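Spelled out, the chains give:
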Amino acid sequence: MAVLKVKFTKTRRDKLAQILWILNWVSVVSGIILFSLGLFLKIEIKKRNEVMAKGDVNSVPNMLISVGVIACIINFLGGKICYDCSDANKFSRWKLVMLPYIVCTFCFTFCILVGALMCYTMRNELEESLYLGLRDAIKFYKDTDIPGRCFLKKTVDMLQIGFQCCGNNGFRDWFEIQWVSARYLNMASKEVLDRLKSNVDGKFLVDGVPFSCCNPSSPRPCIQYQLTNNSAHYNYDFLTEELNIWVKGCREALLDYYTAIMRSIGIAALLIWLFELSVLIGVRYLQTAMKNVLLLGDLEGESDGWLLENSFVETAKYNINIIKNLGKANQISTVSGMNDPNIDVQNTDCGKPNVTTKSIPAAS
């Protein structure tokens, strides 16, 4: 029994073809939107590429860009097909193309759904990439004289100012690394030498942060150094007073930023998927209705359209049997003599044939 069977008159078939022609052109626009969203996300990720470790963070934008391009091509072709389907004579040349087109469009529509879901599952990969990238960027913050790293100080400073964050997980990350270059340390100072000697690795560690961690909205001047020393500052209590530096880590700030973008893109992709799915269903109804018109031979009469000619279970069994038969057709028996068409066939006698020859008459 056909699934969701609907009866179509000629007028309804013509209107359906016209509506689908318009919707396919709208789908071309939706493909451009998908392409633009993927390109936007790719550019946003590339802007902070210096603070991200290499990974699969570009898989989502690449997926959206690819699906957007395919959407434009498929829907452009779908618009042409639906336009011709208003005429039964023109439909004849698309008759063999319609079913493969619907299958390809279904696979493409599924890819849109996958791309939308990837926007919500990318958070873990992005978080790991940001953690590793920011860790290395902060580690090389002081290397302003080394080629390939000299830009990291500006990158980190602009990042902390723009996203109102400090460090990787928080401002305490700066306490664990030497972020002041050795060229700016006074080696004649006893305090500097004591700090270098007190550390096992010989690093100059301080309980301070770069200027970019300062909160300009703080009512008091920024305290960058000796953040945990209450006696070093007047009327200052490290445990109770709100610090005048950014408390949030940059990893969390960037993760929230990209999560908000991907959530919005995911919602847009889901809406486009629903729209594309509705167009695909309409094309399927049009294809089956026009096919039945040709079978009936009455181009002006009524015809049935459906999503599936048989039930879901029967359709699944039919497709599974096709796959199984294809597999059996390619199997070659490894058992000697099994299914050999030449078995039990007697060999022909290859000896000298017993044929009487006629003597050639002599010439008279």
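Scoring rules and cut-offs
- Residues numbered from 1 in each chain as written.
- Predicted model: local features only at pLDDT ≥ 70, side-chain atom pairs only at ≥ 80, totals over all residues.
- Heavy atoms only, no water.
- Helix = DSSP H or I, 4+ residues; strand = E, 2+ residues; numbered from the N terminus.
- Buried < 20%, exposed > 50% of the residue type's maximum accessible area, 1.4 Å probe, protein only.
- Contact = heavy atoms within 4.5 Å.
- Areas by Shrake-Rupley, 256 points an atom, 1.4 Å probe, with all protein chains shown as cover.
- Patch = residues over 30% accessible without salt bridge, like charges linked within 9 Å, V, L, I, M, F, W, Y side chains within 5 Å.
- Salt bridge = Lys/Arg side-chain N within 4 Å of Asp/Glu carboxyl O.
- Disulfide = S-S within 2.5 Å.
- UniProt positions renumbered as here; feature names shortened; annotations may be inferred.
- Core = buried A, V, L, I, M, F, W, Y, C linked by side-chain atoms within 4.5 Å.
- Domains from an automatic or database assignment.
- Phe/Tyr/Trp six-rings, centres within 6.5 Å; stacked < 30°, edge-to-face > 60°.
- Lys NZ or Arg CZ within 6 Å of the ring centre and 35° of its normal.
- Axes fitted to C-alpha atoms, helices over the stretch in contact; angles between N-to-C directions.
- Left-handed = near helix turned anticlockwise from the far one by under 90°.
- Nonpolar A, V, L, I, M, F, W, Y, C, P; charged D, E, K, R; others polar.
- Expected span 1.5 Å × (residues − 1).
- Lys, Arg positive; Asp, Glu negative; His and termini not counted.

On a plain count of helices and strands, the protein comes out with 9 helices and 2 strands. Along the protein, from the amino end to the carboxyl end, the secondary structure elements read β-α-α-α-α-α-α-α-α-β-α. Within the protein, the proportion of its 364 residues that are buried is 38%. Of the contacts formed within the protein by residues at least 6 apart in sequence, a portion of 73% connects residues at least 24 apart. About 22600 Å² of surface is accessible on the protein, with carbon and sulfur atoms providing 60% of the total.

In this section: a nonpolar patch on the surface. On the surface, W21, I22, W25, V26, F76 and Y83 cluster together into a nonpolar patch covering about 610 Å² of accessible area. Where the nonpolar patch is concerned, the elements lending two or more residues are α1 (10-47) and α2 (59-84). The greatest single-element share of the nonpolar patch, amounting to 4 residues, is contributed by α1. On the secondary structure map, I22 appears in helix α1. With relative accessibility at 48%, the residue I22 sits in the partly exposed group.

With the rule as written, the count across this model stands at 3 disulfides. Shown here is the disulfide that connects C214 with C222, its sulfur atoms set 1.8 Å apart. Since a negative S-S torsion denotes a left-handed disulfide, the C214-C222 link at about -75° is left-handed. Given the relative accessible area of 16%, C214 is considered buried. C222 sits in the partly exposed class, given a relative accessible area of 32%. For the protein, numbering the cysteines in disulfides from first to last along the sequence yields the connectivity 1-6, 2-3, 4-5. The closest cysteine sulfur to the non-disulfide-bonded C107 is located on C104, 6.5 Å from its own sulfur. What makes C107 partly exposed here is its relative accessible area of 43%.

Attention shifts here to the UniProt feature "transmembrane region" (unreviewed entry) in the protein. Per the UniProt record, "transmembrane region" (unreviewed entry) is annotated on residues 20-40, 60-78, 98-120 and 265-286. As a span, residues 20-40 carries 100% helix and 0% strand, and end to end its C-alpha atoms are 30 Å apart. In the segment residues 60-78, helix accounts for 100% and strand for 0%; the C-alpha atoms at its two ends are 26 Å apart.

Turning next to the nonpolar core. Among the nonpolar cores identified, the biggest contains 80 residues, and F171, W174 and V209 are the most heavily contacted of them. Mapped onto this core, the elements with two or more residues apiece are α1, α2, α4 (95-121), α5 (123-139), α6 (152-163), α7 (190-198) and α8 (250-296). The dominant element in this core, judged by the number of residues it contributes, is α8, at 18 residues. Taken domain by domain, this core gets at least three of its residues from each of domain 1 (2-137 + 252-312) and domain 2 (171-247).

The final tally for this structure, using the stated rule, is 8 aromatic pairs. Ring geometry for W25 against F76: centres 5.4 Å apart, planes inclined by 90°, an arrangement best described as edge-to-face. Within this pair, whereas W25 is found in helix α1, its partner F76 is found in helix α2, the two being separated by 51 residues in sequence. Judged by relative accessible area, which is 38%, W25 ranks as partly exposed. Sitting above the plane of the F140 ring, R149 keeps its charged end 3.8 Å from the centroid.

All right, on to the packing of α5 against α8 then. Running from N to C, α5 and α8 cross one another at 145°; their axes reach a closest spacing of 10 Å. In this structure, α5 meets α8 at a crossing whose hand is right-handed. Residue-level contacts link R123, L126, E127, L130, Y131 and L134 of α5 to C250, R251, L254, L255, D256, Y258, T259 and M262 of α8. Residues that form the contact of α5 with α8 fall into these classes: 9 nonpolar, 1 polar and 4 charged.

Their axes nearest at 10 Å, the elements α6 and α8 cross at an angle of 65°. Of the two elements, α6 crosses α8, and the hand of that crossing is left-handed. On α8, the residues that touch L159, Q160 and F163 of α6 are C250, A253, L254 and Y257. When its residues are assigned to classes, the contact of α6 with α8 shows 6 nonpolar, 1 polar and no charged.

By the definition in use, this model includes 11 salt bridges. Between D136 and R135 there is a salt bridge, and its shortest N-O distance comes to 3.6 Å. In this structure D136 comes out as partly exposed when scored by relative accessible area, which is 31%. Judged by its relative accessible area of 43%, R135 is partly exposed.

To continue, consider α4. The end-to-end C-alpha distance of α4, which contains 27 residues, comes to 40 Å, matching closely the 39 Å that a straight helix rising 1.5 Å per residue would cover. M98, Y101, I102, T105, F108, T109, I112, L113, G115, A116 and C119 are the residues of α4 that are buried.

Within the fold, D207 resides in the loop between α7 and α8. Buried within the structure, D207 lacks any salt-bridge partner; R195 is the closest side chain of opposite charge, at an N-O distance of 4.8 Å. Ignoring anything within four residues of it in the chain, the contact list for D207 reads F175, Q224, Y225, Q226, L227, T228 and N229.

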